[in-house]
Amino acid sequence: MGMGIDNSEHVEQLKKLYKGAKMPTFEESVSQTLMPSSTEDDACLQSTQQEDKGSERGADSQTNSENPTHETSPENTGDASINKTTGPLKSFHPQIKWFQKEDVVILKIRIRNVKDYKCKYFRDRVVFSAWVGEKFYLADLELQANIIEDDCKCTVKNDEPIITLSKEKKESWCGLLRQRNPNVAFDFDHWEECDEDEDSHFSRVRGGGHPSLGES
């Protein structure tokens, strides 16, 4: 259009403006953007990282305090301590079948593959505990009559614990426990053995019905 003007000083004027503004080159601008260029920026970055690590440690500490764990210690024999953990232990009550003879009461603990077991006897009480796999079984039984502690025993027969309680008096027990327990019941497989004892409680009620189906 004939409007262009030839100005040979144009480039020199642009260089003067560039130097006067002190603008960084493209390479310098990119370098400053990607990494801190001053000691002050480095200190700021380190401070931020330390705060992040501190908050992570605080979170870990809080998580550990809210979720405590119990360590389990192994047990060697049945006579060793039955408590395997440092905290409260969840226990299961085993199923128990019982029957009696003139001088003894026999309890069948209906659990198998017993690793460790322990049985404590008192005059009117017996406490049985055992491990089966990872399950802990506990039976604390208050007896209806007294026993001779030193004459009682616990053995394993056919892979099941059998407790034999020696009666203090040779008389028939009307029941095993003072209070009813749904996990304890009379063993009717031995009904005939009890019935053969003419002086037993069961022989006296012959014809007058069966004894209680439970433990009492």
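Residues numbered from 1 in each chain as written. Predicted model: local features only at pLDDT ≥ 70, side-chain atom pairs only at ≥ 80, totals over all residues. Heavy atoms only, no water.

Regarding the confidence of the model for the protein chain
In step 1: On average, residues of the protein chain score 74 in pLDDT, and 57% of them reach the 70 mark or higher.
In step 2: Throughout residues 59–82 the model reports pLDDT below 50, and contacts reaching past four residues in sequence, or to other chains, amount to 26 contacts.
In step 3: This model gives residues 198–213 a pLDDT under 50, and the stretch forms 24 contacts once residues within four places in sequence are excluded. (pLDDT = per-residue confidence, 0-100. Contact = heavy atoms within 4.5 Å.)

Points about the layout of surface pockets
In step 1: Approximately 230 Å³ is the volume found for the largest pocket.
In step 2: Ile106, Lys108, Lys157, Asn158 and Ile162 are, among the 13 residues lining the largest pocket, the residues nearest its centre.
In step 3: Of all elements in the fold, only strand 2 (104–109), strand 6 (153–157) and strand 7 (160–166) reach the threshold of two or more residues within the lining of the largest pocket.
In step 4: When the residues that make up the lining of the largest pocket are grouped by side-chain class, the tally is 3 nonpolar, 4 polar and 6 charged. (1 Å grid on protein atoms, 1.4 Å probe; cavity = no way out; pocket = protein on both sides within 12 Å on 5 of 7 lines; lining within 4 Å. Points joined across faces, edges and corners; volume = space filled by probe spheres on them. Helix = DSSP H or I, 4+ residues; strand = E, 2+ residues; numbered from the N terminus. Nonpolar A, V, L, I, M, F, W, Y, C, P; charged D, E, K, R; others polar.)

Structural notes on unusual backbone geometry
In step 1: If you check the backbone angles, Asn113 has positive phi at about 55° while not being a glycine.
In step 2: Along the chain, Asn113 turns up in the loop between strand 2 and strand 3 (116–122).
In step 3: Here Asn113 falls in the exposed class, since its relative accessible area comes to 56%.
In step 4: Residues other than glycine seldom take positive phi values, yet Asp159 does so here, at roughly 70°.
In step 5: If you trace the backbone, Asp159 turns up in the loop between strand 6 and strand 7.
In step 6: Given a relative accessible area of 36%, Asp159 falls into the partly exposed group. (Buried < 20%, exposed > 50% of the residue type's maximum accessible area, 1.4 Å probe, protein only.)

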